Amino acid sequence: MNAARRGALLAGALAAIAPCLFTSRALADVAAPAEAEPAPRRVLRLVIAGEDAEAATSLEASVRELLARLEMTVEASRAERIDLDAPDLSGGAAGELATAWVDLRGSRASMAIVDGRTGRVVARRSVERDRSTAIVVEELAHIIQSSVEELAEQGRRPPPPAPPPPPRADPARAEPPRVAREESRFGLDGGAFFAGRAFGSGAETIVGGGGLVGAALGRSAWRPALWLIGTYHVAFDVRGRLVDVHAKAATLRLAPTIRLFGGERWLVEAGPEGGFDVMWSTPRANSTSLPDRRLGAESTDASPVLGAIVAAHFAVGPSADLLVAFSADVDLSPHRFVVLEGTQAEPLFTPWRVRPALLVGFTFNLAGSVPYARGATPP
């Protein structure tokens, strides 16, 4: 066979094989499956806040046991405190199926579960802790299991089609941008209280009541505030051998304070104070042998005072606090009450130079920022 004939046969064989090669390659391309998108990690991030270590450990163990049946991994951690209403609660590591925030502080156990794919809060629950720890922990663990199982089932379904893009607005008709209103840095509080004050021997505990109003500078670490405090005390009598003193008193104080320390729902503040003590006194004879003409007239005496105050606030509502305050003031110009017998002066009532007082009442946030930041950002 000559070379020309061999070349013709080889060309014919290639022409016959080529369509088969192209056909098999096309069939292979059609049969090859498309590369699947990676499924989300089957991981639950569990964050627990609270000082009850036994409850936290039991909850973590129960959640691990229940989710092990779903072939899921639990990554647990502890936090000092959690604010379940924080705007960035959904923040977490990428790729997790869900995050469960559990707050074991207080008389109720609260939780929020966040979808790790969308950052959306999918469940909120609150459970009373009036039963045994084991029952409360099991109830919380089953709530977490049911929510996470539902999220895992949703992950197996195809995602819904993306919504069409919104129509573009006409720039000529677009509304001007609105400026968001920032929270006021200042706060205005008011309140009322009962008071007990010691004025001197024979008047060691004089009760009364009053009101206060204060302006505070936001939620800074020191939270400086200025309080105006007024008190009226009921009438009291100081007994003497021949003469009694019938007296009424009122006090007015201006007190700048700063926050010393505090927590999520309480704080302690302290500072100096200054003002006046006003006393209305009337002498009264307690013996028929002393005629009324020998008695002095009714008098009004005002004394400047300086002192210090320490006040504790305990939150009892969204904008109401229980107030407990202690103060001690020094009378800069005390007045003495004496009985003159000839040239002899017999002391009748000498107010103390240092006058302690105790105040117990309630304060209310009237406007602006609250006395302290309630809640904290999750870690």
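Residues numbered from 1 in each chain as written. Predicted model: local features only at pLDDT ≥ 70, side-chain atom pairs only at ≥ 80, totals over all residues. Heavy atoms only, no water.

Caption draft 1: Focus on the overall build of the chain. Secondary structure assignment for the chain yields 3 helices and 15 strands. Here the chain holds 379 residues, and 36% of them are scored as buried. In the chain, of all internal contacts separated by at least 6 residues, the share reaching a separation of at least 24 is 64%. Summed over all atoms, the accessible surface of the chain reaches about 22700 Å², with 60% contributed by carbon and sulfur. (Helix = DSSP H or I, 4+ residues; strand = E, 2+ residues; numbered from the N terminus. Buried < 20%, exposed > 50% of the residue type's maximum accessible area, 1.4 Å probe, protein only. Contact = heavy atoms within 4.5 Å. Areas by Shrake-Rupley, 256 points an atom, 1.4 Å probe, with all protein chains shown as cover.)

Caption draft 2: Quick peek at the pairing of strand S1 (residues 43-49). The buried fraction of S1 is high, at 7 of 7 residues. As defined by bridge partners, S1 adjoins strand S2 (residues 73-79) across 7 bridges and the pair is classed as parallel. By the bridge assignment, Leu44 is partnered in S2 with Val74. One crossover worth recording links S1 to the parallel S2 by way of helix H2 (residues 53-68), and it is right-handed. The pairing of S1 with strand S3 (residues 98-103) spans 6 bridges and is parallel. Each residue of the ladder has a partner; that of Arg45, found in S3, is Thr99. (Pairing = 2+ DSSP bridges. Right-handed = clockwise from strand over helix to strand, strands pointing away.)

Caption draft 3: Focus on the pairing of strand S10 (residues 266-285). Where strand S9 (residues 243-262) and S10 come together, 16 bridges link them in antiparallel fashion. Residue pairing for S10: Gly262 is matched across the bridge by Leu267. Hairpin connection between S9 and S10: a loop of 3 residues separates the two successive antiparallel strands. Bridge count for S10 against strand S11 (residues 299-315) is 16 bridges, and the pairing is antiparallel. Bridge assignment links Gly274 to a residue of S11, and that residue is Leu306.

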